[in-house]
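# Remarks on the overall topology
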Amino acid sequence: MSLPLRNFLRFWLILAVQVLLNKITLRWWSEPSGFPVFIPLIYPLFILLLPFETPVWLLLIIGFITGLSVDSLMNTGGMHAAATVVIAYLRTNALNALLPRPLNEYPNQAPSVKNLGWVPFLTYAGFLILIHHLVYFSIELWSFSNPGMLVLKILASAFTSMLFVVAYLLLFTRQISARG
Amino acid sequence: MRCGLRTSDSLNIRVRNFIRFISQFANLILFVVLEIFCAILIGRTRTIQGNDLVNSANAVSGFYYKRQNAIVHYFTLGKMNDSLLEENQRLHQELTNLQFTSDRRVDSSVMIPKGPPDSNRKIEYAHYIFRKARVINNSVSQTDNYLTLNRGSDDGIKKEMAVISGTGAVGKVVHVSKHFSTVLSLLSSLQEVSVHLKDGTTGIAKWRLEGSSPSPDILYMMDVPSQIPMRLGDTVWTTTYSFFPPEVMVGTIQNVLIVKKTGKRLLYLKPANNFRNMMYVYVTENTYETEQKTLEQQNTAEPVKPKKGGHKK
């Protein structure tokens, strides 16, 4: 399966999963009172898994389109699009910092556990997803009057999203080497 | 030639530098453009965020709109006043008509509505029409004070119509010409008003009192029994059998004196209207007044005679 086609299919798959996740609102398992309600956001994973050599402008446009699709599904105007454009812009810099060689030396490859390893990949994904959630929830709450609530919401949501990301990786990565 | 070549060369270099600069920051520019687009999208949806964005964008234009409005406002004041008056007139009419659709009984302290109005027992013994008018001349310092209104017989105004303002009773139409009419105001010895207090005690309010200098700020209500409870500031209204529409405010109690000779009280009323700067008034017409008058005249024309036969037995 060619790389563009695989990404195209992944786009629809991740959107479908995100729509399913929208239906469940999590209160962080045990539902303590006062804990913010949130939805795990898994669609940034699509931006994270685009091929290495995607130019930044294309990343930005793809990120914008992805965000807009989610926005149209969740009726949030352009909040998701704004957050997704931010991580699409930061993605190249994050990868450059984590990879030993320049990006153009990885032809026809996409970031994955296989070529990055578990720890760098989770660092990469965790960092960008945290940024994404930071931007998104800041716009969504639209006030810094209750920073504790905002931080709690961001951290809890990012952690849950990361759980779903790991689940996705375990499901769709073939031949994970035992040493990881 | 050489000079021109050199300048075009340096121009080329500058353009190239500029293009390099642009391409260097192309991604950043695209990023910023997309984010601005997102902000516009967020602003277009009617959410808290959107309202904030739009409001902050409107702060500047809002300032100018406010300025512009402050200037243009003056030119539309007249029109606004007219429309407000028309609405007032309509509301007054509806209110009085509403008061007559159900009969109300005054029971020492409580007013009990006598059931809902229905087609069978709709008691409508007076029906008022309100006409707005502007006061174009006014006096308060004469022995008998008159107002002149800018409405006359062409507008349906007739003699003996009651005139009220937005705040209270004003007077009675005495002379009518084609386009104007004069109103004898309450500040006159020629007319008295039948008024009632909060608990239903009726009396007569007048302006002139023997042995006191008249002021446009005081009306008098005489011969109020001393056992009637009242407080300073209580309102005094017109009664149903005054020629004014009922429940029109006449004034508030300003001072209470006890007349030693009779043991009754004399109330000083503060008129509800400021007669000095009267601007707009409503001329009221009771459409059943002629019917009522003709019926009442029969009382004096043909007094009820006692039956002779009954007495003899």
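Parameters at a glance
- Residues numbered from 1 in each chain as written.
- Chains lettered and ligands numbered in written order.
- Predicted model: local features only at pLDDT ≥ 70, side-chain atom pairs only at ≥ 80, totals over all residues.
- Helix = DSSP H or I, 4+ residues; strand = E, 2+ residues; numbered from the N terminus.
- Buried ≥ 20, exposed ≤ 12 C-beta atoms within 10 Å, placed from the backbone.
- Pairing = 2+ DSSP bridges.
- Axes fitted to C-alpha atoms, helices over the stretch in contact; angles between N-to-C directions.
- Parallel < 35°, antiparallel > 145°, perpendicular 65-115°, else oblique.
- Left-handed = near helix turned anticlockwise from the far one by under 90°.
- Contact = placed C-beta atoms within 7 Å.
- Nonpolar A, V, L, I, M, F, W, Y, C, P; charged D, E, K, R; others polar.
- pLDDT = per-residue confidence, 0-100.
- Expected span 1.5 Å × (residues − 1).

Let us look at the overall build of chain B. Summing up its helical and strand segments, chain B has five helices and 14 strands in all. A burial count over chain B gives 21% of its 313 residues as buried.

All right, on to the sheet that holds strand β4 (residues 146-149) of chain B then. All names here are of chain B. Taken together, the six strands give a closed barrel; going around it, the order is β3-β4-β7-β6-β5-β14, and neighbouring strands pair in antiparallel fashion. Averaged over all neighbouring strand pairs, the angle between strand axes comes to 45°, with direction disregarded. Sheet topology note: the strand β6 (residues 169-176)/strand β7 (residues 181-185) ladder contains five bridges and is antiparallel. If you follow V176 over to β7, its bridge partner there is S181.

This part covers the packing of helix α3 (residues 56-74) of chain A against helix α2 (residues 26-44) of chain B. Taken N-terminus to C-terminus, the directions of α3 of chain A and α2 of chain B make an angle of 10°; their axes are 9 Å apart at the nearest point. By the criterion of interaxial angle, the relationship of α3 of chain A to α2 of chain B is roughly parallel. Viewed along their axes, α3 of chain A and α2 of chain B form a crossing whose handedness is right-handed. Contacts between α3 of chain A and α2 of chain B involve V56, W57, L60 and F64 of chain A from the former and A26, N27, L30, F31 and L34 of chain B from the latter. Across the contact of α3 of chain A with α2 of chain B, the residue classes tally to eight nonpolar, one polar and no charged.

All names here are of chain A. Axis separation between helix α6 (residues 118-141) and helix α7 (residues 147-172) bottoms out at 9 Å; the angle between their running directions is 135°. By the angle class used here, α6 and α7 are oblique. Of the two elements, α6 crosses α7, and the hand of that crossing is right-handed. Here A125, G126, I129, L130, H133, L134, F137, S138 and L141 of α6 come into contact with α7, specifically with L150, K153, I154, S157, A158, S161, M162 and V165. Each residue belonging to the contact of α6 with α7 can be placed in one class, and the counts come to 11 nonpolar, five polar and one charged.

Next up on the list: the environment of L21 of chain A. All names here are of chain A. The topology assignment puts L21 in helix α1 (residues 3-23). C-alpha separation for the pair L21 and F164, spaced 143 residues apart in sequence, amounts to 10.0 Å. The residues contacting L21, other than those within four sequence positions of it, are I39, P40 and I42.

Every contact between the two is made by 16 residues of chain B and, on the other side, 13 residues of chain A. Of all the elements in the fold, those that place two or more residues in the side of chain B that touches chain A are α2 and α3 (48-101) of chain B. Ranked by the residues each element gives to the side of chain B that touches chain A, the list is headed by α2 of chain B, at 10 residues. Broken down by class, the residue content of the side of chain B that touches chain A amounts to eight nonpolar, five polar and three charged.

Further remarks concern the sheet that holds strand β12 (residues 249-258) of chain B. Strand order in the closed barrel formed by six strands is β8-β9-β10-β13-β12-β11 (chain B), and the pairing between neighbours is antiparallel. Here the strands of the sheet are splayed against their neighbours by 40° on average, with no regard to which way each runs.

Moving on: the confidence of the model for chain A. With 87% of its residues at a pLDDT of 70 or more, chain A shows a mean pLDDT of 82. Here helix α5 (residues 113-116) of chain A is the element of chain A with the lowest mean pLDDT, 81, and helix α2 (residues 44-48) of chain A is the one with the highest, 91.

The next subject is the pairing of β7 of chain B. Both faces of the sheet carry side chains from a regular strand, because those side chains alternate between them. Residue and element names in this part refer to chain B. Of the two faces of β7, only one is covered, namely that formed by S181, V183 and S185; the face formed by T182 and L184 stays uncovered. As paired elements, β4 and β7 share four bridges and run antiparallel to each other. Each bridged residue has a counterpart across the sheet, and for L147 the counterpart in β7 is V183. With antiparallel pairing between neighbouring strands as the criterion, β6 and β7 make up a hairpin whose turn holds four residues.

It is worth spelling out the environment of R90 of chain B at this point. Residue and element names in this part refer to chain B. Checked against the element boundaries, R90 lands in helix α3. Its 12 C-beta neighbours within 10 Å are what place R90 among the exposed residues. Each C-alpha atom, one on R90 and one on F130, is 7.6 Å from the other, the two residues being 40 residues apart in sequence.

This paragraph deals with α3 of chain A. Side chains three or four residues apart in an α-helix point the same way, a direct result of the helix having 3.6 residues per turn. Residues and elements named next belong to chain A. For α3, which comprises 19 residues, the first-to-last C-alpha distance of 26 Å matches the rise-based estimate of 27 Å (1.5 Å per residue) to within 8%. Inspection of α3 places L59, L60, G63, F64, T66, G67, V70 and D71 among the buried residues, and these make up the whole buried set. A positive backbone phi angle near 55° is found at N75, which sits one or two residues after α3.

The next point concerns α2 of chain B. For α2 of chain B, which comprises 19 residues, the first-to-last C-alpha distance of 27 Å matches the rise-based estimate of 27 Å (1.5 Å per residue) to within 8%. Three or more residues of α2 of chain B are buried, namely F31, L34, E35, C38, I42 and G43 of chain B.

Moving on: the confidence of the model for chain B. Residues and elements named next belong to chain B. Looking at chain B, pLDDT values average 78 and 78% of them are 70 or higher. With pLDDT under 50 throughout, residues 103-122 is counted as low confidence; its partners more than four residues away or in other chains account for 18 contacts. Interface confidence for the predicted complex, expressed as ipTM, amounts to 0.76; the pTM equals 0.46.

We now examine unusual backbone geometry. Leave glycine aside and you will find that most residues have negative phi; peptide bonds, for their part, are mostly trans. All names here are of chain B. In the Ramachandran plot, E160 falls in the positive-phi region, its phi being about 70° despite a non-glycine side chain. If you trace the backbone, E160 turns up in the loop between β4 and β5 (162-164). With phi around 55°, D223 is a residue other than glycine that occupies positive phi space. Considering the arrangement of structural elements, one finds D223 in strand β10 (residues 219-224).

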